[in-house]
Amino acid sequence: MSAHASAVASAAAQAPGRVNLIGEHIDYNGGMVLPAALSIGLQVELIPRHDGRVLVSADHYDERSERDIGEAASGHWSDTALGALRQARALCLVNGGAEITIRSTIPEGSGLSSSAALIVAILKAARTLGKGTQSDTELAVAARAVENEFMGVPCGVMDQMAVALAIPGTAMALDTKALTFELLDLPHTHALIVVHSGLTRKLTDGRYGARKEECDAAKAHFGTDDLCLLDPATVAAAPLPSTIRQRTMHCVTEHARVLTAIEALKTNDIAALAAVMNESHVSMRDDFAMSLPAIDALVSDAGSFGADGARLTGGGFGGCIVALVAKDVQDAWLAQLLAKHPQARFIAQA
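Residues numbered from 1 in each chain as written. Predicted model: local features only at pLDDT ≥ 70, side-chain atom pairs only at ≥ 80, totals over all residues. Heavy atoms only, no water.

## Observations regarding the overall build of the protein chain
- The number of helices and strands found in the protein chain is 10 helices and 11 strands.
- For the protein chain, the C-alpha radius of gyration of 20 Å lies close to 20 Å, the compact-globule estimate for 350 residues.
- With respect to the principal axes defined by its C-alpha atoms, the protein chain has extents near 60 × 50 × 35 Å.
- Within the protein chain, the fraction of its 350 residues that count as buried is 57%.
- Across the protein chain, contacts joining residues at least 24 apart in sequence account for 69% of those joining residues at least 6 apart. (Helix = DSSP H or I, 4+ residues; strand = E, 2+ residues; numbered from the N terminus. Rg over C-alpha atoms; globule rule 2.2 N^0.38 Å. Buried < 20%, exposed > 50% of the residue type's maximum accessible area, 1.4 Å probe, protein only. Contact = heavy atoms within 4.5 Å.)

## Here's the deal with the pattern of salt bridges
- Overall, the coordinates contain 18 salt bridges when judged by the stated rule.
- Between D159 and R18 there is a salt bridge, and its shortest N-O distance comes to 2.7 Å. Of the two residues, D159 sits in helix α4 (residues 158-165) while R18 sits in strand β1 (residues 11-22), which places them 141 residues apart along the sequence. Comparing D159 with R18, the two get one shared label, buried.
- Ionic contacts of the salt-bridge type, sharing partners, join the residues E24, E254, R257 and R311 into one network. (Salt bridge = Lys/Arg side-chain N within 4 Å of Asp/Glu carboxyl O.)

## Quick word on the packing of helix α2 (residues 114-130) against α4
- At a closest axis distance of 9 Å, the pairing of α2 and α4 adopts a crossing angle of 55 degrees. One element, α2, and the other, α4, form an angle in the oblique class. In this structure, the crossing between α2 and α4 has a hand that is right-handed. Touching A116, A117, V120 and K124 of α2 are D159, Q160, V163 and A164, all from α4. (Axes fitted to C-alpha atoms, helices over the stretch in contact; angles between N-to-C directions. Parallel < 35°, antiparallel > 145°, perpendicular 65-115°, else oblique. Left-handed = near helix turned anticlockwise from the far one by under 90°.)

## So, helix α3 (residues 136-151)
- With 16 residues, α3 ought to run about 22 Å at 1.5 Å a step, and its terminal C-alpha atoms sit 21 Å apart, in line with that.
- Those residues of α3 lying buried are L139, A140, A142, A143, A145, V146, E147 and F150.
- Each element contacted by the buried residues of α3 is listed here: α1 (79-90), α2 and α4. (Expected span 1.5 Å × (residues − 1).)

## Some remarks on the environment of L93
- Assignment of secondary structure puts L93 in the loop between α1 and β5 (98-104).
- Accessibility expressed as a relative area gives 7% for L93, which makes it buried.
- Placed 39 residues apart in sequence, L93 and G132 show a C-alpha to C-alpha distance of 6.4 Å.
- With residues near it in sequence (within four places) discarded, L93 still touches A88, L123, A126, R127, L129, G130, G132 and Q134.

## Here we look at the environment of A13
- As for its placement among the helices and strands, A13 is situated in strand β1.
- The exposure class assigned to A13 is buried, which follows from its relative accessible area of 15%.
- The residues touching A13, leaving out its near neighbours within four places in the chain, are L42, Q43, V44, A121, K124 and A125.

## Describing the environment of H196
- Tracing the sequence through the fold places H196 in strand β8 (residues 190-196).
- The buried category is assigned to H196, whose relative accessible area is 0%.
- Sequence separation between H196 and L298 is 102 residues, and the spatial gap between their C-alpha atoms is 9.7 Å.

Put into structure tokens, the structure is as follows:
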């Protein structure tokens, strides 16, 4: 501990990674989403400092980052922690800088919300230190602001809500407009298996932002922030560039698929859940153009080898797939899939 750090006060907190079972790119378009917490996650320890220095150590980086609390985002790996601490100061939970230690089992660039989990965990630790009264939902909203305003990532609020409030073994049926949710049990007979494609991506690389801009163009045309609630026939008939129409159609149909998936979980309708997962991947591939050929091949083989449903999950352009597989065949299924795709690797089971 440095001489500038408090000799007494420190706090620890943790947050899980998450996999989105269905509902991609619609949390900023007024839709319902269905994420689930994973057993992998991260833990942080926060020790406040009386100066404005922010010292960040992480178990997957050799270097310790030393920043000033007033710095802007620079593309450095410690930006996320710095932004979270700046937000904690804005919430009056800490006064100066901090020493932050991070231990994580969430692969970066996997689309499993490592950045959201880190921000939420830091804010939860700061809430403990500052004896704050913010609810977990309020911290999730504050965490989203870090990504939007400090990191420059135009994400919705799904990831932050999931890692702040979801419980492993359940899915969160989340209304992203009202910020209300219901936790639903996952199937007992089937596993939801997360496999990394081997292709990493960063939400700050521009392609995620480009999709957001295309959706914003559609919102301007239709005069609504809720693309997901438009009628498909209205979208099909609108005088739009084909690309903008496709992006909008994905939002409309994906929202409907989420509603079907929620009902399928409530009634244990595996066939219905599998069907919308498969349809979702086709929509992400063809209408939202957020998949890659190697991921399409991984999803296709997942189905050929016995998964009932499989789809890309996360922001796209790399990362993970999630597959719905009967538990009595999941080990053989996974071995066959990884043998065919040696660059892929098992991450977690929801």
